[in-house]
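Here's the letter readout for the chains.
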Amino acid sequence: MTAMTTKKIKSEAKRLLMTCFAESAFISMLNIGIFLITYLLIILAGRLTGAHTAETLFPVFSSCPTIFIIALCVILAAAYILSAPIYYGTRWFFWQAASGNNMPASSVFAGYSSSEQFRLCVKLRVLSDMRRLPYFLGFGTAVISEGFLAHRLLTGNGGAENAGLIYGGVALATVGVIYICFCAGLKCIPVGFLLANDPDAVVSDIFELSEKIIKGNTGRLMKLYVSFVGWFLICLPAFPVIILLPYFNMSLAVFLKDCLARDREQLAMDRDKKEPVMA
């Protein structure tokens, strides 16, 4: 079985998206709404605690009192935990849609159907992010340290003469760190879709299969992501992002289904080769 090209994946995603466009748009608006509500709660907490005094809704904080830090942590933790079922419910919806099963938009809330499902979604989200955390902490610390050293050089004697080189070095290091962290996080991207594929699967098996898929298809997945960069840069500040997000999620679902189909075919071929030929 020949692997689907990026162009074919996106073409198939467009075709499938036409059958569930209204539901997909609603789910996209729901996810954006969760982000906006969280953001507004943070700004409100800043206003109430005196941390945000600017005449704007941008996150410009004049101070960081302890009570604001506590409120910030509570808001972010609550949003992170409570939205976990919707995060995986979104992937469940697009996984089903990629199989030709048009589900109602309300199916995105399936993770709230029982305490077991809710805990599973939270557990998967925490474990996925914990696998990314060492890379972000390690390489992020390196970038912050380099930025601090660059600041010291620029404020020291003669540092201004080499400002271009210093800023260029910091920018290059930052881009490199972002790339490394992105590559490290790729192996967790299929987790939500694989949970939809087999809701009764063991968590460790989901992560193992996720890493296996990415290991053999990293280049293809990178090409798929890169093909969307321009669209996200154009649509990020505008309403069309509500259309772009479903297109992106559907493309990911189609890509992963293709990966699983190729893996199953390869396993079948290997099994046939091992079977003895009857005389």
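Rules and cut-offs
- Residues numbered from 1 in each chain as written.
- Predicted model: local features only at pLDDT ≥ 70, side-chain atom pairs only at ≥ 80, totals over all residues.
- Heavy atoms only, no water.
- Helix = DSSP H or I, 4+ residues; strand = E, 2+ residues; numbered from the N terminus.
- Buried < 20%, exposed > 50% of the residue type's maximum accessible area, 1.4 Å probe, protein only.
- Contact = heavy atoms within 4.5 Å.
- Areas by Shrake-Rupley, 256 points an atom, 1.4 Å probe, with all protein chains shown as cover.
- Axes fitted to C-alpha atoms, helices over the stretch in contact; angles between N-to-C directions.
- Parallel < 35°, antiparallel > 145°, perpendicular 65-115°, else oblique.
- Left-handed = near helix turned anticlockwise from the far one by under 90°.
- Phe/Tyr/Trp six-rings, centres within 6.5 Å; stacked < 30°, edge-to-face > 60°.
- Salt bridge = Lys/Arg side-chain N within 4 Å of Asp/Glu carboxyl O.
- Expected span 1.5 Å × (residues − 1).

Colleague: Even after reading the chapter, I still don't get the overall build of the chain, so can you show me in this structure?
Modeller: Scanning the chain for helices and strands turns up nine helices and zero strands. When its helices and strands are written in sequence order, the chain yields α-α-α-α-α-α-α-α-α. A burial count over the chain gives 35% of its 279 residues as buried. For the chain, the share of sequence-separated contacts (at least 6 apart) that also reach a separation of at least 24 residues comes to 71%. Entry remark: accessible area of the chain is about 16,400 Å², with carbon and sulfur atoms responsible for 69%.

Colleague: Sorry, what's going on with the environment of Leu133 here?
Modeller: Mapped onto the secondary structure, Leu133 falls in helix 5 (residues 115-155). Sequence-wise, Leu133 and Gly185 are 52 residues apart; in three dimensions their C-alpha atoms are separated by 9.2 Å.

Colleague: Help me understand the packing of helix 1 (residues 6-17) against helix 8 (residues 203-235) in this model?
Modeller: Helix-helix packing is described using two parameters, namely the angle between the two axes and the distance between the axes. Helix 8 packs onto helix 1 with a crossing angle of 60° between their chain directions and a minimal axis gap of 10 Å. On the basis of their axis angle, the class for helix 1 and helix 8 is oblique. Here the hand of the crossing between helix 1 and helix 8 comes out right-handed. Where helix 1 abuts helix 8, its residues Thr6, Ile9 and Lys10 lie against Arg220, Lys223, Leu224, Ser227 and Phe228.

Colleague: Looking at this structure, I do not really get the side chain of Ser251. What am I missing?
Modeller: Within the secondary structure, Ser251 is located in helix 9 (residues 241-274). When residues no more than four places from it in sequence are discounted, the contact partners of Ser251 are Ile9, Lys10, Ala13, Leu224 and Phe228.

Colleague: What should I look at first to understand the packing of aromatic side chains in this one?
Modeller: The description of an aromatic ring pair rests on the distance of the ring centres and on the angle between the ring planes. Counted by the stated rule, this structure contains eleven aromatic pairs. Geometrically, the ring pair formed by Tyr87 and Tyr88 is edge-to-face, given 4.9 Å between the ring centres and 90° between the ring planes. Taking 6.5 Å as the distance between ring centres and 40° as the angle between the ring planes, the aromatic pair formed by Phe109 and Tyr112 counts as tilted. A relative accessible area of 34% places Phe109 in the partly exposed class. When its relative accessible area of 36% is taken as the criterion, Tyr112 is described as partly exposed. Grouping aromatic residues by their ring pairs yields a cluster made of Tyr225, Phe228, Phe232, Tyr247 and Phe248.

Colleague: How do you make sense of the pattern of salt bridges when you look at a structure like this?
Modeller: Any two side chains of opposite charge can pair, on the condition that their charged atoms come close. For the structure on display, the rule yields three salt bridges. For Glu12, the salt bridge identified is with Arg15, shortest N-O distance 2.6 Å. Here the residue Glu12 and the residue Arg15 both occupy positions in helix 1, the gap between them amounting to three residues, near one helical turn. The closest approach of N and O atoms between Asp258 and Arg220, which form a salt bridge, is 2.7 Å.

Colleague: What is the right way to read helix 4 (residues 84-98) from this model?
Modeller: Helical geometry: 3.6 residues make up each α-helical turn, so side chains three or four residues apart lie on a common side. For helix 4, built from 15 residues, the straight-helix expectation of 21 Å at 1.5 Å per residue is met to within 8% by its first-to-last C-alpha distance of 21 Å. Of all 15 residues that make up helix 4, 13 are buried, and the element is covered over most of its length.

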